[in-house]
Amino acid sequence: MPSARSTPNEVLRDLPSIDEVLRTAAGRRISVEAGEVHTTDMARIVVNNLRAELQAGDKAAADLLGLCEDRLEQAWRVEVRTGTHRVINATGVVIHTNLGRAPLSESAREAIGNEASQYCTLEYDLTTGKRGKRGLRAERMLAGLTGAESVLIVNNCAAAAFFVLTVFASGGEVVISRGELVEIGGDFRVPDVLSQSGAALREVGTTNRTKLADYEKAINDKTRLILRVHPSNYRIVGYTAMPSLAELSSLAHRHGLMLYEDIGSGALIDLSPVGLRDEPIAGLSLIAGADIITFSGDKLLGGPQAGIIAGKADRIDRLRKHPLYRALRIDKIAYAALEATLDSYRRGKAVLEIPVLTMLALTKEQITDRLERFSVQLTKGLEDNEDLSFDMIDGVSAIGGGAAPSVSLATRLLALSHKKLTVREMEEKLRQSNPPVIARILDGKLLIDLRTVADEDEPGLLTALLSLA
Ligand SMILES: *Cc1c(COP(=O)(O)O)cnc(C)c1O
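All of these numbers come straight from a predicted model, not from anything done at the bench.

> Is there a simple way to think about the pairing of strand 10 (residues 223-229) in this case?
For a regular strand, side-chain orientation follows a simple rule: the groups alternate between the two sheet faces. Counting buried positions along strand 10 gives six out of seven residues, so the element sits mostly inside the fold. Pairing between strand 10 and strand 11 (residues 258-264): five bridges, direction parallel. Its bridge partner being in strand 11, Arg228 is matched across the sheet by Glu261. Where the polypeptide runs from strand 10 across helix 11 (residues 245-254) and back to strand 11, its parallel neighbour, the crossover connection is right-handed.

> Can you help me understand helix 19 (residues 423-432) in this one?
Note that an α-helix has 3.6 residues per turn; residues three or four places apart therefore point the same way. The set of residues buried in helix 19 consists of Val423, Met426, Glu427 and Leu430. Summarising the axial view, the buried residues of helix 19 lie within an arc of 100 degrees, below the 170-degree limit, and thus occupy one face. On the buried face of helix 19, the contacting elements are strand 14 (388-400), strand 15 (409-418), strand 16 (437-438), strand 17 (440-442), strand 18 (445-449) and helix 20 (458-466).

> What should I look at first to understand the layout of surface pockets in this one?
Where empty space is left becomes clear once a probe the size of a water molecule has been rolled over the atoms. Reported here for the second largest pocket is a volume of approximately 560 Å³. Lining the second largest pocket are 25 residues; nearest its centre among them are Thr121, Leu122, Arg137, Tyr335 and Glu339. Those elements that provide at least two residues to the lining of the second largest pocket are helix 6 (106-116), strand 3 (124-125), helix 7 (136-146) and helix 15 (332-346). Ranked by residue count, the leading element in the lining of the second largest pocket is helix 15, at six residues. Partitioning the lining of the second largest pocket into residue classes produces 10 nonpolar, five polar and 10 charged.

> What should I look at first to understand the environment of Val453 in this one?
Counting through the fold element by element, Val453 comes out in the loop between strand 18 and helix 20. Residue Val453 is classed as buried on the basis of its relative accessible area of 2%. The sequence separation of Val453 and Asp384 amounts to 69 residues, and the corresponding C-alpha distance is 27 Å. The contacts of Val453, once residues within four sequence positions are left out, are Ile88, Asn89, Ala90, Arg370, Glu458 and Leu461.

> What is the right way to look at helix 15 in this model?
Helix length check: helix 15 (15 residues) gives 21 Å between terminal C-alpha atoms against 21 Å at 1.5 Å per residue, within 8%. Every buried residue of helix 15 is accounted for by Ala334, Tyr335, Ala336, Ala337, Leu338, Ala340, Thr341, Leu342, Ser344 and Tyr345. Close packing links the buried residues of helix 15 with helix 6, helix 7, strand 5 (150-154), helix 14 (323-328), helix 16 (350-353) and helix 17 (355-361). Of the residues one or two after helix 15, Gly348 is the one with positive phi, at around 70 degrees.

> Honestly, the site of the ligand in this entry has me stumped. Any pointers?
Inspection of the region around the ligand gives 13 residues, with Ala158, Ser232, Asp262, Ser296 and Lys299 positioned closest. With respect to the ligand, the side chain of Asn156 contributes an N or O atom lying 3.5 Å from an oxygen atom. Taking Cys157, its main chain carries an N or O atom lying 2.9 Å from an oxygen atom of the ligand. Starting from 380 Å² of accessible surface for the ligand in isolation, the protein chains cover 93%. Those elements that place two or more of their residues in the shell around the ligand are helix 8 (157-169) and strand 11. Taken together, the residues of the shell around the ligand sort by class into four nonpolar, six polar and three charged.

> Help me out: how do you make sense of the packing of aromatic side chains in this one?
The description of two aromatic rings rests on the distance between their centres and on the angle between their planes. Enumeration over the complete set of coordinates arrives at zero aromatic pairs. Arg209 extends its terminal NZ or CZ atom over the ring of Tyr239, reaching a point 3.9 Å from the ring centre. For the cation-ring pair, Arg315 lies above Phe168, with the distance from its terminal atom to the ring centre recorded as 5.6 Å.

> Sorry, what's going on with the side chain of Arg440 here?
Position of Arg440 among the secondary structure elements: in strand 17. Within the local environment of Arg440, its side chain forms a polar contact with the backbone oxygen of Val396, the two atoms lying 3.1 Å apart. Among residues more than four places away in sequence, those in contact with Arg440 are Thr91, Val396, Leu413, Lys445, Leu446, Leu447 and Asp449.

> Can you walk me through the nonpolar core in this structure?
The biggest cluster of nonpolar side chains holds 86 residues, and the ones touching the most others in it are Leu142, Ile153, Ile226, Ile309, Leu360 and Ile399. When residues in this core are grouped by element, the largest group, nine residues, is from helix 8. Excluding residues within four positions of it along the chain, Ile226 makes contact with Val175, Tyr215, Ile219, Leu248, Leu251, Ala252, Leu257, Met258, Leu259 and Tyr260. Residues Leu371, Leu378, Leu382 and Ile448 belong to the second largest nonpolar core, which totals 24 residues.

> What am I meant to see in the sheet that holds strand 6 (residues 173-177) here?
Backbone-to-backbone hydrogen bonds join strands into a sheet, with any given pair of strands oriented parallel or antiparallel. Strands sit in the order 5-13-12-11-10-6-9 across an open sheet of seven strands; the sheet is mixed. If you trace the sheet from one side to the other, it starts and ends with strand 5 and strand 9 (200-204), each paired once. Between one strand and the next, the sheet's axes are offset by a mean angle of 25 degrees, whatever the strand orientation. In terms of strand pairing, strand 12 (residues 292-296) meets strand 13 (residues 307-311) through five bridges, oriented antiparallel. Across the sheet, the residue bridging to Ile293 is Ala310, located in strand 13. In the packing of helix 7 onto the sheet, the strands contacted are strand 5, strand 12 and strand 13, and the crossing angle to strand 5 comes to about 125 degrees. The strands touched by helix 8 within the sheet are strand 5, strand 6, strand 10, strand 11, strand 12 and strand 13, with strand 11 carrying the most contacts at an inclination of about 170 degrees.

Rules used in this analysis
- Residues numbered from 1 in each chain as written.
- Predicted model: local features only at pLDDT ≥ 70, side-chain atom pairs only at ≥ 80, totals over all residues.
- Heavy atoms only, no water.
- Buried < 20%, exposed > 50% of the residue type's maximum accessible area, 1.4 Å probe, protein only.
- Helix = DSSP H or I, 4+ residues; strand = E, 2+ residues; numbered from the N terminus.
- Pairing = 2+ DSSP bridges.
- Right-handed = clockwise from strand over helix to strand, strands pointing away.
- Arc of directions from axis to C-beta.
- Contact = heavy atoms within 4.5 Å.
- 1 Å grid on protein atoms, 1.4 Å probe; cavity = no way out; pocket = protein on both sides within 12 Å on 5 of 7 lines; lining within 4 Å.
- Points joined across faces, edges and corners; volume = space filled by probe spheres on them.
- Nonpolar A, V, L, I, M, F, W, Y, C, P; charged D, E, K, R; others polar.
- Expected span 1.5 Å × (residues − 1).
- Near = heavy atom within 4 Å.
- Polar contact = N/O pair within 3.5 Å; in protein donor to acceptor, adjacent residues only side chain to side chain.
- Areas by Shrake-Rupley, 256 points an atom, 1.4 Å probe, with all protein chains shown as cover.
- Phe/Tyr/Trp six-rings, centres within 6.5 Å; stacked < 30°, edge-to-face > 60°.
- Lys NZ or Arg CZ within 6 Å of the ring centre and 35° of its normal.
- Core = buried A, V, L, I, M, F, W, Y, C linked by side-chain atoms within 4.5 Å.
- Axes fitted to C-alpha atoms, helices over the stretch in contact; angles between N-to-C directions.

Structure below.
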């Protein structure tokens, strides 16, 4: 095909300048949204990439300026989407780490928006007009709910574990069962946290069985504490043995050692009414004799990201006075959300008001009822459509967040199929909608689980689904 653009050099002459790209309709609009400096940077990258492609001998498009305009638009769209945006979680995974773990309760969201985001009483006492203690109310509420003598709150449970081990075990040995040397969610590995905190690992027993005597034999002059870690997302079943926390506690105390339990997901109340029977409950661990426990704020507790350290007053006091605390403490936004969340527990309204618990408590029958009502609207919206169709099938939701991996929650799912789009294409289109809908693909089906979709998100979900038709 002989043309005016037969050699790379001739083609490069048609390459638009950065200025020309900035003067296109998209260039002008994006300059307003992204600022001129950043838009110029993006346009430069677009033009440079295109130059490199042409020099490498790629076939030139007829309209190079139009191509640059499209690419600029695309680059800006992708960048905006990488930020923090709300999504509709239709996966059925309740504590979805990639989707921000616990969605906050209405009162927690209200506390963030109306209280903590203004000037606020973070370290100010309204009664005396003097400096107040940061986090005092959240700490007291948690002490009340767990029965702990004292509580301290840090950035997350990983920080809490690192902090406790650094302060109480650095330079000494920590005794732990081989069955608890686990990895929780990719970058929290118990052996790594221990070595980072300067404590030496003293592993005892075997993966499936550890006896009290195994712990006792490992204790020596260098031992600082006995560590128990809740295996969270992992279960050892079958021929197993593990001393109870109470047995470990009396062993530790007989030797003048501290017993520390990292319970991770940290239920504050008995969750067996919502189907979680073997999750450790914070208060019970303290009753059983743990000196210190740590757990997350945004797993089963259902609040903001936080790491809660609860236990004996003298131990907590030492942590509070340690210089590391300043580096690990949380901000006013998290305190406000945590206080509001804890308030629901204190009023006995946790399962009604905290989304994580409400979603876990939904029965298959309740979800089926909702799905049937939803499907009536969907059928109505799809009246003249030939391509998109759906089924309702039985399935399971997941708790997620490393809690109770052996519990499966029965649910009823919407399964979508399309004559022209593949399951992957449908999933991607839903992700591009506004607000984005995150669905699940299983066995070649695109699945929507209403368990994790808030009532008020149903219209948004419906619109997104109808846009597939
Ligand atoms: C989840 C978990 C952690 C890490 O908690 P983050 O709040 O995510 O830092 C630590 N220990 C246990 C046992 C856990 O389950």
